[in-house]
Amino acid sequence: MIPKTMRAVILTEPTPAEQVRLRDCPVPPVRPGWVLVKVKAFGLNHSEQILRLSEIQADYIHKPVIPGIECVGEIADPSDSPFQKGQRVAALMGGMGRSYNGSYAEYALMPASHVFSVETGFSWTEMAAVPETYFTAWGSLFECLKLQKGDTLLVRGGTCALGYAAIRLAKASGCRVIATTHREKKLSLLAGADRAVLDTGTLADTFSGVTKALELVGPKTLRDTLKCVEKGGIVCSTGILGGVYALHGFDPIKEIPNGVYLTGFFSNDPTRQAMTDIFSFIDEHEIKPDIGAVYRFENISAALLDRDHHRVEGKIVIEV
């Protein structure tokens, strides 16, 4: 029985973590092309922090809005879709939590095109650590970097949930991995890589033999990362951990070394095949997501506060 009301986080303006509260609101009515998901768990993401603290002011954000770009749960009402009631699913991206209400809620109305059936032995908590993080890592490594066995991969900004996922996927694929962090005390967290390096901001002459590079710090270090790969190598810019969002005055002719390729991955359009491949790969290689902490939904303010202050290493998962 679907209730008439639910608890959710609802944003209308910039909101620090300590001011986030659960509010009662109606369960969204189902409409054609959309399915109602009973949310079991969801992961926290950097882009949600950006939305909550600043982007919420943008005109293109539908307000009031329930944030959250991913979730896992059960189909509560399949509407006119092929899904079955009670089916285990994951949902992510496609405007979720920005142009329509997202996952910080007990129920979420999602476009059927961005909801994917999942077969896994994971618990809800483990399952919730996969969708956005592993889809972004998967697309960056295999679609953009064309990662192959024998490659040497540089993960710049390795001590984040996406970095840990990329390291695990690359190692399982038979690659050598070099990972960086700008905090010396976090070097031990990169034990899954073949080499952990303290990032001083300038690494261009530190490595040899790097064929692929995953840039998670972003435009702040991208110019230097382009100089870290061998001729014929590829750099994929995926993250913005450095807090710089654009390359101002970038001259691609002069600043992209000859024979080096630059690409980027935007995770807004997941596919059913990609999600199937990811969970199959995880199962085949017995990969366990790096979960840093788990919080109950009613404690989401504390979870967001810990997220904002970088107190947790690995993915933060909220159990609903």
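Here the structure is a predicted model, which means the values were calculated and not measured. (Residues numbered from 1 in each chain as written. Predicted model: local features only at pLDDT ≥ 70, side-chain atom pairs only at ≥ 80, totals over all residues. Heavy atoms only, no water.)

Peer 1: Help me out: how do you make sense of the overall build of the chain in this one?
Peer 2: Across its full length, the chain carries eight helices and 15 strands. Projected onto its principal axes, the C-alpha positions of the chain cover 60 × 40 × 35 Å. Sorting the 320 residues of the chain into buried and exposed places 54% on the buried side. Within the chain, contacts between residues separated by at least 24 positions form 71% of all contacts whose residues are at least 6 apart in sequence. Carbon and sulfur atoms provide 50% of the accessible area of the chain, an area that totals close to 14300 Å². (Helix = DSSP H or I, 4+ residues; strand = E, 2+ residues; numbered from the N terminus. Buried < 20%, exposed > 50% of the residue type's maximum accessible area, 1.4 Å probe, protein only. Contact = heavy atoms within 4.5 Å. Areas by Shrake-Rupley, 256 points an atom, 1.4 Å probe, with all protein chains shown as cover.)

Peer 1: Looking at this structure, I do not really get helix α7 (residues 272–284). What am I missing?
Peer 2: Helical periodicity: at 3.6 residues per turn, an α-helix aligns residues three or four positions apart in one direction. Taking 1.5 Å as the rise per residue, α7 with 13 residues should run 18 Å; its terminal C-alpha atoms sit 18 Å apart, in good agreement. For α7, the full list of buried residues reads Ala274, Met275, Ile278, Phe279, Phe281 and Ile282. Projection of α7 onto a plane perpendicular to its axis shows the buried side chains occupying an angular sector of 160°, all on one side. What points out from α7, more than 90 degrees from its buried face, is the exposed set Gln273, Asp283 and Glu284. Those residues of α7 that are buried lie in contact with β5 (88–92), β7 (115–117), α2 (124–128), α3 (131–144) and α4 (161–172). After α7 finishes, the residue Glu286 shows a positive phi value of roughly 55°. (Expected span 1.5 Å × (residues − 1). Arc of directions from axis to C-beta.)

Peer 1: Is there a simple way to explain the sheet that holds strand β10 (residues 195–198) in this structure?
Peer 2: The strands that make up a sheet pair up through hydrogen bonds in the backbone, lying either parallel or antiparallel. Pairing within the open sheet is parallel, and its six strands lie in the order β10-β9-β8-β11-β12-β13. Where the open sheet ends on each side, the last strands, each with one partner, are β10 and β13 (261–264). For this sheet, the mean inter-axis angle between neighbouring strands, taken without regard to orientation, is 20°. Bridge count between strand β8 (residues 152–156) and strand β11 (residues 212–215): four bridges; the pairing is parallel. In the sheet register, Arg156 faces β11, and the bridge partner there is Glu215. (Pairing = 2+ DSSP bridges. Axes fitted to C-alpha atoms, helices over the stretch in contact; angles between N-to-C directions.)

Peer 1: Just checking my understanding: could you explain the nonpolar core for this structure?
Peer 2: Most often, soluble globular proteins have nonpolar side chains that are buried together. Counting residues in each nonpolar core, the largest one holds 50 residues, and the members touching the most others are Tyr134, Leu141, Leu153, Leu169, Leu214 and Ile278. Sorting elements by how many residues they give to this core places α4 first, with seven residues. When neighbours within four sequence positions are excluded, Ile278 is seen to be in contact with Val130, Tyr134, Phe135 and Trp138. In this structure, Val35, Val37, Ala112 and Ala293 belong to the second largest nonpolar core, which totals 47 residues. (Core = buried A, V, L, I, M, F, W, Y, C linked by side-chain atoms within 4.5 Å.)

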